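# Understanding the architecture of this molecule
Chain by chain, the residues:
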Amino acid sequence: QVQLVESGGGLVQAGGSLRLSCAASGRSFSSYFMGWFRQAPGKEREFVAGIDWSGDNSYYGDSVRGRFTISRDNAKNTVYLQMNSLKPEDTAAYYCASRTSGNFYYRESYDYWGQGTQVTVSS
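Right, let's walk through the structure included here. (Residues numbered from 1 in each chain as written. Predicted model: local features only at pLDDT ≥ 70, side-chain atom pairs only at ≥ 80, totals over all residues. Heavy atoms only, no water.)

### Describing the nonpolar core
Counting residues in each nonpolar core, the largest one holds 27 residues, and the members touching the most others are Trp36, Leu81, Met83 and Tyr94. Element by element, the count of residues in this core is highest for strand S3 (residues 18–26), at 4 residues. Counting 5 residues, the second largest nonpolar core, distinct from the first, contains Phe33, Phe37, Ala97 and Tyr110. (Core = buried A, V, L, I, M, F, W, Y, C linked by side-chain atoms within 4.5 Å. Buried < 20%, exposed > 50% of the residue type's maximum accessible area, 1.4 Å probe, protein only. Helix = DSSP H or I, 4+ residues; strand = E, 2+ residues; numbered from the N terminus.)

Below, the structure is given as structure tokens:
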């Protein structure tokens, strides 16, 4: 079992920044690929960013590449998502998840999810 708890969401103006955190407990956090997804009302949950166990390799969805940065601190069992140059279309609930196997881009590859944190970007 693993528990994931996101924090750091909120209301921000377009062009602003937020940093999301995801604190993990339970199974060995440092062994797993971690991802961030988001879901806006009426839309599918989409891949935002992912990072391998070492933190050496990170991956991004096309819509956030160059603006968002994922990182992790295995000593603190925490993964972060730094979001800069936010746009209204970034408004969504953001979820962190732990991946077991399969293509990191697909939500089906992740077995544990946090409860989500809301990000709202005003224009």
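### Details of the state of the cysteines
Applying the stated criterion across every chain yields a total of 1 disulfide. Covalent S-S linkage joins Cys22 and Cys96, the inter-sulfur distance amounting to 1.9 Å. Handedness of the Cys22-Cys96 disulfide follows from its S-S torsion of about 50°: it is right-handed. On the criterion of sequence distance, the pair formed by Cys22 in strand S3 and Cys96 in strand S9 (residues 92–99) is long-range, its members being 74 residues apart. The pair Cys22 / Cys96 is uniform in exposure class, with both members buried. (Disulfide = S-S within 2.5 Å.)

### Things to note about the packing of aromatic side chains
Each aromatic ring pair is specified by the distance between its two centres and by the angle formed by the two planes. Evaluation of the coordinates by the stated rule reveals 10 aromatic pairs. Taking the centre distance of 5.7 Å and the plane angle of 80° together, the rings of Phe37 and Phe47 count as edge-to-face. Of this pair, Phe37 sits in strand S4 (residues 34–39) while Phe47 sits in strand S5 (residues 46–51); the two residues are 10 residues apart in sequence, bridging distant segments of the chain. When sorted by exposure, Phe37 lands in the same class as Phe47, which is buried. A ring pair is formed by Tyr110 and Trp113, whose centres lie 5.9 Å apart and whose planes are at 55°; its orientation type is tilted. Among the aromatic residues, ring-to-ring pairing joins Phe33, Phe37, Phe47, Tyr59, Phe104, Tyr105, Tyr106, Tyr110 and Trp113 into one connected group. (Phe/Tyr/Trp six-rings, centres within 6.5 Å; stacked < 30°, edge-to-face > 60°.)

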